[in-house]
Amino acid sequence: ETGVTQSPTHLIKTRGQQVTLRCSSQSGHNTVSWYQQALGQGPQFIFQYYREEENGRGNFPPRFSGLQFPNYSSELNVNALELDDSALYLCASSIGGVRETQYFGPGTRLLVL
Amino acid sequence: DQQVKQNSPSLSVQEGRISILNCDYTNSMFDYFLWYKKYPAEGPTFLISISSIKDKNEDGRFTVFLNKSAKHLSLHIVPSQPGDSAVYFCAAIGNSGSARQLTFGSGTQLTVLP
């Protein structure tokens, strides 16, 4: 059973650019959540996808968008990058429903210059 | 407004002794709580969880205690080992629309001294 994987591991972009981050869920998991972790803070919820539909969103602007594919892999897209978007982006997969535990990937470190 | 708080940014413990990490929450709608451990350059690793209908859950060296009336939970590690040195995050599950999102505390850096 493979765990959650994310790509790329590191990324450098400039302000105003767009970025796409990718996540492969753990086998059998149909729910994926994305989190942003700024330095020295805990992860903050961006949004969650369940069976290809967004079913919840945290306090992030619309320029943060996502997709979930039929194989339950997922993308996080960020448009019009700002300096404050520099952070570790984590995806987590879960079975959903009663089993609540979310399992995290290693993250993508994004630096916006 | 921080709904999950870890008031101790760091904790140092001698190897073999007990480590106690604390967490407070404000949202009474949280009904499931988790502890994650995070090493540098890795994602958080799930450690242990507890449902709000219980007050204790144990898994090997790790025990989580939940005091609902005080809105407080704690993680006990006995005995502590140098490999336990990491950042520990407390997280709670609540609803965001229909999503069951995790709300994290800011973490406690545990250092276990040999």
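The structure this text deals with has already been given above.
Residues numbered from 1 in each chain as written. Chains lettered and ligands numbered in written order. Predicted model: local features only at pLDDT ≥ 70, side-chain atom pairs only at ≥ 80, totals over all residues. Heavy atoms only, no water.

Draft legend 1. Just the interface of chain A and chain B, in detail. Tallying the contact residues gives 20 residues for chain A and 22 residues for chain B. A buried area of about 1500 Å², summed over both sides, lies between chain A and chain B, and 56% of it is on carbon and sulfur atoms. If you look at where chain A meets chain B, you find zero salt bridges. Seen at the junction of chain A and chain B, the total is two residue pairs in polar contact (both at pLDDT 80 or more). Elements that contribute at least two residues to the side of chain A that touches chain B include exactly β4 (31–37), β5 (44–50), β6 (53–57), β9 (87–94) and β10 (103–104) of chain A. Sort the elements by how many residues they give to the side of chain A that touches chain B and β6(A) lands first, with three residues. Here the side of chain A that touches chain B is composed, by residue class, of eight nonpolar, ten polar and two charged. (Contact = heavy atoms within 4.5 Å. Buried area = accessible area lost by both parts, 1.4 Å probe. Salt bridge = Lys/Arg side-chain N within 4 Å of Asp/Glu carboxyl O. Polar contact = N/O pair within 3.5 Å; in protein donor to acceptor, adjacent residues only side chain to side chain. Helix = DSSP H or I, 4+ residues; strand = E, 2+ residues; numbered from the N terminus. Nonpolar A, V, L, I, M, F, W, Y, C, P; charged D, E, K, R; others polar.)

Draft legend 2. The arrangement of the pairing of β6(A) in detail. Residue and element names in this part refer to chain A. Taken together, the four bridges between β5 and β6 define a ladder with antiparallel strand orientation. Residue pairing for β6: Gln 48 is matched across the bridge by Gly 56. Linking β5 back to β6 in an antiparallel pair, the connection comprises two residues, with Arg 51 at a positive phi of about 50 degrees. (Pairing = 2+ DSSP bridges.)

Draft legend 3. Representation of unusual backbone geometry within the structure. In this structure, Pro8(A) follows Ser7(A) across a cis peptide bond, with omega equal to -10 degrees. Position of Pro8(A) relative to the elements: it lies in the loop between β1 (5–7) and β2 (10–13). Pro79(B) follows Val78(B) through a cis peptide bond whose omega is -10 degrees. Relative to the helices and strands, Pro79(B) is located in the loop between β8 (72–77) and β9 (86–96). Despite not being glycine, Lys71(B) shows a phi value in the positive range, around 50 degrees. Relative to the helices and strands, Lys71(B) is located in the loop between β7 (62–67) and β8.

The values are spatial; any link to function lies outside them.
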